[in-house]
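Observations on the model geometry
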Amino acid sequence: MTDGYDVAGVLPDGLLEELEPGTNVAVVGPSMSGKREIALRLLAIGYESGDGILCITTGNAERLFSDLERHVSSLDRKQIGVLNCGGRNTCSMIEEMTESVSSPADLTGISIGTAKLFNQFHKRGVSDIRYGLISVSSLLQHLDSNTVFKFLYVFANRVNDTNGLGIYTLNDDTHDAQVINTVRGQFDGVIELRETDASDWECRVRGFGRKSTAWTTLE
């Protein structure tokens, strides 16, 4: 069991170096701000040192595998747990560690599929797991906000109970401000992204029981 999850190098200037087991982190920003890329890097960075990756995708499973392979040259797809919410397996072949549900609205199926994948990791002796949920915004498009809040509460507790690391993405320009604030409250910390007047992208880190960092330019 790890003492901490390495996340060094994903954000600039050492804004975030390590996270404790059981931590849940949201990457929040406007559409097309690079949230997904940051989330995938947070998931992939521990793979070569033995961390498992268990990711729920509300998009295309094949794209998820391909994007992870950009960050890990030695990625073995049979060692990655993916739950595809697109209704059918969209990969070119059925991967050993892939589960599918009918739609992002099938929260029961998502919970069951996640538990199956976790058990697969457990059988293989993988105890340190980085969970991804890409994206929370897709859940909010299919379900009412209260249902999503309850699901996130249960899911975040599962991450905590299994000493994992939870990584989530959320658009902050497509939902009501009250909904965004309530969703953010489900997590231990938030990585925020914004665009400057000069069309550069900046990030800052809030939460984790410490003072917020300053806005810093993303390279």
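Rules behind the numbers
- Residues numbered from 1 in each chain as written.
- Predicted model: local features only at pLDDT ≥ 70, side-chain atom pairs only at ≥ 80, totals over all residues.
- Heavy atoms only, no water.
- Helix = DSSP H or I, 4+ residues; strand = E, 2+ residues; numbered from the N terminus.
- Patch = residues over 30% accessible without salt bridge, like charges linked within 9 Å, V, L, I, M, F, W, Y side chains within 5 Å.
- Areas by Shrake-Rupley, 256 points an atom, 1.4 Å probe, with all protein chains shown as cover.
- Salt bridge = Lys/Arg side-chain N within 4 Å of Asp/Glu carboxyl O.
- Lys, Arg positive; Asp, Glu negative; His and termini not counted.
- Charge placed at Lys NZ, Arg CZ, Asp CG, Glu CD.
- Axes fitted to C-alpha atoms, helices over the stretch in contact; angles between N-to-C directions.
- Parallel < 35°, antiparallel > 145°, perpendicular 65-115°, else oblique.
- Left-handed = near helix turned anticlockwise from the far one by under 90°.
- Contact = heavy atoms within 4.5 Å.
- Nonpolar A, V, L, I, M, F, W, Y, C, P; charged D, E, K, R; others polar.

Quick notes on unusual backbone geometry
A cis amide bond links isoleucine 134 with the next residue in sequence, serine 135, at an omega value of 10°. Phi angles above zero are rare outside glycine, and aspartate 13 is one such case at about 55°. Mapped onto the fold, aspartate 13 is located in the loop between β1 (5-6) and β2 (18-19).

Topic: a negative patch on the surface
There is a patch of like negative charges on the surface, built from Asp3, Asp6, Glu17, Glu18, Glu20 and Asp188. Counting through the fold element by element, glutamate 18 comes out in strand β2.

Digging into the packing of helix α1 (residues 35-44) against helix α2 (residues 61-71)
Packed helices, taken two at a time, are described by the angle their axes make and the gap between the axes. Closest axis-to-axis distance for the α1/α2 pair is 10 Å, and the angle between their directions is 65°. Classified by the angle their axes make, α1 and α2 are roughly perpendicular. α1 and α2 meet at a crossing whose hand is right-handed. The residues of α2 that touch α1, namely those facing Arg36, Glu37, Leu40, Arg41 and Ala44, are Arg63, Leu64, Asp67, Leu68, Arg70 and His71. Grouping the amino acids of the contact of α1 with α2 by side-chain chemistry returns 4 nonpolar, 1 polar and 6 charged.

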